[in-house]
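A structural walkthrough
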Amino acid sequence: MQPGEVYQTYADVDDLMRDFDFKPSTPIEVGLQKFVDWYRGYYGV
């Protein structure tokens with residue numbers, strides 16, 4: 001790793017959970033694959 005790189009980071013969704021009863025349930029592997037599929041379709045790659 002290079003100086004300044006972040007090893008791990010997590011979104012803080014406490015406010016969403018409290019205000020909107022939002023509870024994320026999509027595993028990272030599923031979310032990333034869906035994003036990649038969308039990106040490739042949208043940009044034609």
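This one's a predicted model, so the numbers in the text were calculated from it and none came from an experiment. (Residues numbered from 1 in each chain as written. Predicted model: local features only at pLDDT ≥ 70, side-chain atom pairs only at ≥ 80, totals over all residues. Heavy atoms only, no water.)

1. Here we look at unusual backbone geometry
For clarity, the threshold we go by: Secondary structure elements are taken from DSSP: a helix is a run of H or I of four residues or more, a strand is a run of E of two residues or more, and numbering for both begins at the N terminus. When a residue's accessible area, from a 1.4 Å probe over protein chains only, is under 20% of the maximum for its type it is buried; when over 50% it is exposed; and in between it is partly exposed.
The residue Asp21 is not glycine, and still its phi comes out positive at about 55 degrees. Looking at the secondary structure, you find Asp21 in the loop between α1 (14–20) and α2 (28–43). Of the residues examined, Asp21 reaches a relative accessible area of 54% and is grouped as exposed.

2. Describing the packing of aromatic side chains
The description of an aromatic ring pair rests on the distance of the ring centres and on the angle between the ring planes. The test is simple: Centre distance within 6.5 Å is the pairing criterion for rings of Phe, Tyr and Trp, where only the six-membered ring of Trp is used; planes under 30 degrees apart are then read as stacked, over 60 as edge-to-face, and the remainder as tilted.
The final tally for this structure, using the stated rule, is seven aromatic pairs. Judged by centre distance (5.8 Å) and plane angle (35 degrees), the ring pair of Phe35 and Trp38 falls under tilted. In this pair, Phe35 and Trp38 are both assigned in helix α2, three residues apart and thus about one turn of the helix distant. Trp38 sits in the partly exposed class, given a relative accessible area of 46%. With 6.0 Å between their ring centres and 45 degrees between their planes, Phe35 and Tyr39 make a pair best called tilted. A residue pair is termed a helical-turn pair when its members lie 3 or 4 positions apart in one helix, as Phe35 and Tyr39 do in helix α2 at four residues. By relative accessible area, Phe35 is classed as partly exposed at 47%. You can call Tyr39 partly exposed: its relative accessible area is 38%.

3. Here's the deal with the pattern of salt bridges
Using the following cut-off: We define a salt bridge as a contact between a side-chain nitrogen of Lys or Arg and a carboxyl oxygen of Asp or Glu at a distance within 4 Å.
On inspection of all chains with the given rule, the structure shows three salt bridges. Ionic pairing is found between Arg18 and Asp15, a salt bridge with its closest N-O pair at 3.2 Å. Residue Arg18 and its partner Asp15 are located together in helix α1, separated by three residues, close to a single helical turn. The salt bridge involving Asp21 is made with Lys23; its shortest N-O contact spans 2.4 Å.

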